[in-house]
Structure formats: structure tokens, C-alpha cells
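Residue-level structure breakdown
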Amino acid sequence: MHSTGPIGGRRPTRRTLLKAAGAAAVAVPALTPFAPAASAATRGAAADWDVIVIGAGFAGITAARELRARGKRVLVLEARDRIGGRTWTDTYGSQLIERGGTWVEPTQPYLGAELTRYKLALEEDEPISTTWLPTPAGPRQFTPEDGFGRMGAVFERMFDGTRTYFEKPFQPLYRADLLQRLDKLTLRDRLTQLALTPEEELLVNGQTAVYAGGSSTAGAFTMFAHWWALAGHTNAGWNDTMRWRIAKGTKALLQAMVNEAKPTIKLSSPVASVNDTGSLVYVTTTSGTRYSATAVVVAMPVNALSTVKFSPSLPAALTTATSQGIAVANAVKLWIHARKGAGRVYGQGAEGGSQIPMLLPFKETSEGMLYVAFSTDPKLDPTNTAQVKKAVQQLGVNLDVIGVKAHDWGRDPYAHGGWAFRKPKQLTTLYPEVTYTSGRLSFASGDIANGWSGYIDGAIESGLRAARQAAGEE
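Residues numbered from 1 in each chain as written. Predicted model: local features only at pLDDT ≥ 70, side-chain atom pairs only at ≥ 80, totals over all residues. Heavy atoms only, no water.

Looking at the pairing of strand S7 (residues 138-142)
- Note that strand S6 (residues 130-135) and S7 share five bridges and pair antiparallel. Note that in S7 the partner of threonine 131 across the bridge is phenylalanine 142.
- Hairpin geometry of S6 and S7 is characterised by an intervening segment of two residues between the two adjacent antiparallel strands. (Pairing = 2+ DSSP bridges. Helix = DSSP H or I, 4+ residues; strand = E, 2+ residues; numbered from the N terminus.)

Re the UniProt feature "domain: Amine oxidase" (unreviewed entry) in the chain
- UniProt's feature table lists "domain: Amine oxidase" (unreviewed entry) at residues 58-469, given in the numbering used throughout.
- For residues 58-469, helix accounts for 33% and strand for 23%, while the C-alpha atoms at its two ends are 17 Å apart. (UniProt positions renumbered as here; feature names shortened; annotations may be inferred.)

Let's talk about the packing of helix H2 (residues 58-69) against helix H11 (residues 250-261)
- One way to put it is that H2 packs onto H11 with a least axis distance of 9 Å and a crossing angle of 25 degrees. Considered as vectors, H2 and H11 are oriented roughly parallel to each other. In terms of crossing hand, the pair formed by H2 and H11 is left-handed. In this structure, H2 uses Phe58, Ile61, Thr62, Arg65 and Arg68 to contact H11, whose residues at the interface are Thr250, Leu253, Leu254, Met257, Val258, Glu260 and Ala261. (Axes fitted to C-alpha atoms, helices over the stretch in contact; angles between N-to-C directions. Parallel < 35°, antiparallel > 145°, perpendicular 65-115°, else oblique. Left-handed = near helix turned anticlockwise from the far one by under 90°. Contact = heavy atoms within 4.5 Å.)

Overview of helix H15 (residues 456-470)
- Taking 1.5 Å as the rise per residue, H15 with 15 residues should run 21 Å; its terminal C-alpha atoms sit 21 Å apart, in good agreement.
- Positioned one or two residues after H15, glycine 472 has a phi angle of 80 degrees, which is positive. (Expected span 1.5 Å × (residues − 1).)

Digging into the environment of serine 216
- With respect to the secondary-structure elements, serine 216 resides in the loop between helix H8 (198-212) and helix H9 (221-230).
- For serine 216 and glycine 352, which are 136 residues apart along the polypeptide, the C-alpha to C-alpha distance reads 9.9 Å.

Let's talk about the sheet that holds strand S18 (residues 401-408)
- Here we have seven strands laid out as an open sheet, ordered S7-S6-S15-S16-S17-S14-S18, and mixed in their pairing. Whereas interior strands pair on both sides, the edge strands pair on one side only; in this sheet they are S7 and S18. Strand-to-strand, the axes of this sheet are offset by a mean angle of 20 degrees, without reference to chain direction.
- Sheet topology note: the strand S14 (residues 332-339)/S18 ladder contains seven bridges and is antiparallel. Bridging from a neighbouring strand, valine 332 pairs with aspartate 408 of S18.

Structural notes on the layout of surface pockets
- Space inside the largest pocket adds up to approximately 490 Å³.
- If you go around the largest pocket, you meet 36 residues; those closest to its centre are Gly55, Ala299, Met300, Pro301 and Tyr414.
- At the level of elements, H2 and H15 are the ones that each hand at least two residues to the lining of the largest pocket.
- By residue number, the principal contributor to the lining of the largest pocket is H2, which donates three residues. (1 Å grid on protein atoms, 1.4 Å probe; cavity = no way out; pocket = protein on both sides within 12 Å on 5 of 7 lines; lining within 4 Å. Points joined across faces, edges and corners; volume = space filled by probe spheres on them.)

Quick look at H2
- Taking 1.5 Å as the rise per residue, H2 with 12 residues should run 16 Å; its terminal C-alpha atoms sit 16 Å apart, in good agreement.
- With 11 of its 12 residues buried, H2 lies for the most part within the structure.
- Within H2 the residues assigned to the buried category are Phe58, Ala59, Gly60, Ile61, Thr62, Ala63, Ala64, Arg65, Glu66, Leu67 and Arg68.
- Of the residues one or two after H2, glycine 71 is the one with positive phi, at around 85 degrees. (Buried < 20%, exposed > 50% of the residue type's maximum accessible area, 1.4 Å probe, protein only.)

A look at the packing of helix H3 (residues 109-117) against H15
- Two elements in contact, H3 and H15, have axes whose closest approach is 7 Å; the angle formed by their N-to-C orientations is 90 degrees. For the element pair H3 / H15, the angle class is roughly perpendicular. In this structure, H3 uses Pro109, Tyr110, Leu111 and Glu114 to contact H15, whose residues at the interface are Ile456, Asp457, Ile460, Glu461 and Leu464.
- Here the residues of the contact of H3 with H15 sort into six nonpolar, no polar and three charged. (Nonpolar A, V, L, I, M, F, W, Y, C, P; charged D, E, K, R; others polar.)

Thoughts on the environment of glycine 439
- By secondary structure assignment, the location of glycine 439 is in the loop between helix H14 (426-430) and strand S19 (441-443).
- Overall, the relative accessible area of 67% leaves glycine 439 in the exposed class.

Some remarks on unusual backbone geometry
- Following serine 311, the chain continues into proline 312 via a peptide bond in cis, with omega recorded as -5 degrees.
- If you trace the backbone, proline 312 turns up in the loop between strand S13 (309-311) and helix H12 (316-324).
- Here the phi dihedral of lysine 119 falls at roughly 50 degrees; this positive angle occurs in a residue that is not glycine.
- The backbone of histidine 233 shows a phi angle near 65 degrees, a positive value even though the residue is not glycine.

So, in C-alpha cells, the structure goes:
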């Protein structure tokens, strides 16, 4: 889901401040691959490149930019015919939409620095007018203040204590002594501990289920608690993670990075194998083209690492991570275009209820309204408008659906999953080893960030780290 979270009561607006900061938003021209000349130090070297970066999402593009700033000859190999990875700016209903990550939060440190660096303007989502939440008697309409206030009160109980066990959220194992016990818990375990009333349980279990991949028993309690801590340990801070968007789309930030660094980028170049000989690394694409470099940054989703043959094999922690999966395997993001009538309505279902457990309003179009929705049900056919409409009706929301544009990230051959959500014990058994180098390879992905794992901020964080590693600085 990348930048998704519950909507709720908002703090005083920062619209004026952010608009002023982003008033000089940069224009971003089309991608033009650029091959830099070899430096004097590397001219004549056996390697084709100083560093090869596999993957042109935020992690890979960040690493490429940082390495180019260090004077490195950088080749980026991207499997898709576009940059962006699991972020994807597109259009629908004459509006910019994000088929991957959508929201950004300027207080997230790595992302915030990039927004300032490139002077990118933000847009704030318009307020929700109506909220439908599940109750024991079925879907019920609430005012946003009442509904989200009730939901926030449950979350505050659920995550009470994060100031202690996630005292330093960007050092997630700082209190490993406390986390060893907590990391064993599923979200279901934590909900059971709280002994919630049926009304309270239904307010939140739809969210815990969809974040975890369809069932609250699948996701680690510490994953959601970590996000909560990163958001300032408050419901207001958590709500702000789903408030702002880059006015010109996430692609604008990626293009700005590319335009500054000018690495060589080869699109439609999926990688088949990576062979680290100890002195050089050979990267071979599925078409049979082979490139060599003195170092490689593997900036792929963790779930997709199993599609590449690594020699030597991946380190044990990453082998386990790609085998178990970190990103949600059955992740579908939908953009639903409906005729006017329903308005800016939010709908949320109960765990095990609707095939579309979360629906949010986006923007008006000339014909009606765009809504963004999420599903983790493998039985949902997002191309079946009638099925989509029925799933939304189960939330209590009646939309006159014009059409649907969706992407199944779980079946995406280069992602094998959507938003990151760790499973129980993954934090305490895989970290920090998943962030280490292996021979001449370093690894970057929002899936394995120390901070905002599953968000653009985490991808940028991991790209910065991998670049330092590939440059021999750590």
C-alpha cells in the first residue's frame, strides 16, 4: 500500500506553508538515458561500469543518483518499460492517479529532504464528508469526526507502549530485549489481548486484515506498531501519512532525480543472473546480454529476489526473506470511476467481509468522482465491474460505477507483492542482516528499510545506504 493508513481527525492545515515551499515546482522533462564518459581513474578498467543498479524504483534511482554524485559510472537495469517500480503515475478520468504508492508525508525525513531539494509542490486531500464503518448490526454511517475518533481511540490502546519498545524508531532493534516477545505476536494476537467489545473490534479489524494481506493472523503486530511510532506515537501523526500527494505525481520526483544524475538507464531489461567472481560482478539479462561492474546494487522488491539466480547464493537472511515474502502477496489497488451522487465517502469493511475492505474518495471528474480502493482477496476480479460494485455495496456505499482501472501487484512478475508488511518474528530474526552487503553486492528496497518500510521514505533511505556501501564508505 506504500503510503496508506486510516483517515481521521486532522491537525491544523499546513497547506499555506507547503504551497509556498513548493511554488517553484520544477518542470520534469521526459526520461532521456545518458551515458557518461569514463573517468580517468576507470578508463581502460576491465569492468564495463563502476556500479550496476538493478531496479529503477525509488531505491534504485536514489542509489544511482548518489553514486553518480561520487563520480561513478552507473548503469541502471530496469525490467519494466518505465521507471518507478511499485510507484506508478498514470491518468484516469482526466486526473493524475497513482497505481502504486500514492501519499507522501513531508515530515518523513528522507522523503521530506527530497521534496525540499527539488521544490516539489504538494496537494492536500479534500476532507471526507461521510464515513461508513462496520458494526455488529451491519454497515453504519458516521460523521468523520465520530467514526474516525472511535477508530483512533482503539488504535491508541492497541499501540500504547510504543514510546518504550520503539523508543528510537529509526533504530528498530534499539530495545531488542523488549521486542523479542512482542515480535512473536500477530495483529490478531494483539487484538485478542485488548479484549475489545464487538463494536470496537469491528472498527479496526478490517484495516489490520488488509494491511497484513487479508488476515490479521498473517501480519506482525510490531510492523503496524513500528509505523505508529514513526508517525510520532499518535493517531494524528498516523492520519497525516495519508493526507498529502505530490502535485505532479510520484513520477515527478523520480524524474527530478534522474535529470540531476543522468545515469544510463536501460528499460525492458529484466535480470536473469548475478555472478560475483570476487573481482567483478557479471549481470546477465533474460535476453542474454551481459554487463560487468566492480559493484552491484540490487534494488528489487524482496519478494522478487527469487526470480534471479545469484552466485554465490544470497545471504541467509535475504534467502529467508524472499522465501517467506515481506510484501503482501495478494495486493490489488483499484481506481473506481463513479457517477456523481455518493460524494466524498469513505467505506471500510470488517475482516472477512467485503472483497474490497477499504474505499477512499479521490477527485471529482467531469462525469463524477474517482475513488481509490484496496483488496487482498485473490477471488476478486477487478475487471468485473459488477463484482467491484457489489463489494463496495457491502461497505454500505452505493456507487454508480462507470469503470475500474486496477493493478494486481501480487501477480506482477517484477514485484510479486504490493506494500510491505512484515510477518511475526521477521524483524527480530532478519534485521539487521537484510541490510548488509554480500561480497560486491549491496541491497536496497523499501521492504528492508530501518524506518518507513513499505513507504517511499523507506525506499529512499535504503538507496542512500546501498550507495554508501557500493562506494566502499561503510
